[in-house]
Amino acid sequence: MAPYEILLSLFSSTAFTSIVNLMVRTIIDQTITKKNSNVQKWQEELIRCIDDTQCEFAKCYNYEYSKENGSVLGPLLQLYGSTDRNNVLLSDVFISELIHYTFKVSTKNEMITIWKNIFTKTISKNEYKVLLAKINLLIEKPNLLKNIKTNIFLSYCWKDKELANNIDSFFENIGISLKRDVKSIDQWDSIRLFMDTIVKSDYVILIISESYLKSINCMYEITQLIKDPHYRNRIFPVVLDKSIYTLNGRINYITYWEKEYDEIKEKSKKIRNIENTSDISKELLFIRNISSSISEFLSIISDMNNPDIDNINEAILSKLKMDKII
């Protein structure tokens, strides 16, 4: 759903207060009963979003309210015990009571409408993209409270770790944990064995940059991935290097690996003892496999209608929902 449709769904049903109640229950569990529950980032952001809304609402009505001196958490905890006959506060009732508890005033329908408008503008800001995505999931699937078990592998070059961190954080905060080297390889464990698991993943996010396509480790993952003849159906390319969309660009990478092969082969000839060349021979064979497979791989990637990088998280999320994974 588009942000506007999400917000319409949010306010036209009991979803708003159900989500708030879920969030508050988690916070109560952690802060009051001292249990080791996980207050996720989206829950903290929802409090901040409501807090920002209260600030802007206060400006409209000239009520005194400062985030430095208080938070909506107190009023939310008070509202937690207030329910209607169906045991769920309606959104208008919730907003009315939130205004009442915070500002100690009687609310009018006009105030509720203004609060909704302010909240709509606030949550639509770029900083709340993760929150909006999570709310969308909770509206569509209210029982989605635990981590999704889909196995999604994040393949990237360390030079692109800032983008990798952004993608990883987005999905972590909506309950989807990506399989990634920094999280999935214990100290002293085999890196190659981890990379081998890419072929067993349900989906693979590929951050394709020049550094990625010239990295022997990244290309090792690709050679494992393409062992599955249907891999195209389960990859999400994040294309940073637009040159792959041209024939010249793809040829540059083919010739790069051919040159790598030739250089290592020439250097290996200088080794006197043949016993010392077994590992080098394996590496040479592997590099030759890269140079022979990279052309087909890049042709497939360049033929796909890859989404813009700025919207990549939402595009992946949309595809997962389309495939009924979430």
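Heads up: the structure comes first, above all this text.
Please read all numbers here as calculations on a predicted model, not as lab measurements. (Residues numbered from 1 in each chain as written. Predicted model: local features only at pLDDT ≥ 70, side-chain atom pairs only at ≥ 80, totals over all residues. Heavy atoms only, no water.)

Our next topic: the overall build of the protein. Within the protein one finds 15 helices and three strands. Sequence-distant contacts in the protein: of pairs separated by 6 or more residues, those separated by 24 or more amount to 73%. (Helix = DSSP H or I, 4+ residues; strand = E, 2+ residues; numbered from the N terminus. Contact = heavy atoms within 4.5 Å.)

Glancing now at helix H12 (residues 216–225). Of all the 10 residues making up H12, eight are buried; the element is thus mostly covered by neighbouring parts of the structure. Burial in H12 covers these residues: Cys218, Met219, Tyr220, Glu221, Ile222, Thr223, Gln224 and Leu225. (Buried < 20%, exposed > 50% of the residue type's maximum accessible area, 1.4 Å probe, protein only.)

Time to look at the sheet that holds strand E3 (residues 235–239). Taken in spatial order, the three strands make up an open sheet running E1-E2-E3, and their pairing is parallel. Unpaired on one side and paired on the other, strand E1 (152–155) and E3 mark the two borders of the sheet. Adjacent strand axes in the sheet meet at a mean angle of 15 degrees, parallel and antiparallel pairs treated alike. Relative to strand E2 (residues 203–208), E1 runs parallel, the two sharing four bridges. Residue pairing across strands places Phe153 opposite Val204, the latter belonging to E2. (Pairing = 2+ DSSP bridges. Axes fitted to C-alpha atoms, helices over the stretch in contact; angles between N-to-C directions.)

For the rest of this paragraph, the subject is the side chain of Gln224. Note that Gln224 resides in helix H12. Gln224 sits in the buried class, given a relative accessible area of 10%. When sequence neighbours within four positions are dropped, the list of residues in contact with Gln224 reads Met195, Asp196, Ile198 and Val199.

Ranked by size, the top nonpolar core spans 42 residues in total, and within it Phe16, Val20, Leu46, Leu76, Trp115, Phe119 and Ile123 carry the most contacts. Residue contacts for Val20: discarding those within four places in its chain leaves Leu46, Ile50, Leu76 and Phe94. Core analysis: the next-biggest nonpolar cluster, separate from the first, contains 33 residues, Ile198, Cys218, Tyr220 and Met304 among them. (Core = buried A, V, L, I, M, F, W, Y, C linked by side-chain atoms within 4.5 Å.)

Attention now goes to the side chain of Asp51. As for its placement among the helices and strands, Asp51 is situated in helix H3 (residues 41–61). Using a relative accessible area of 7% as the deciding quantity, one classes Asp51 as buried.

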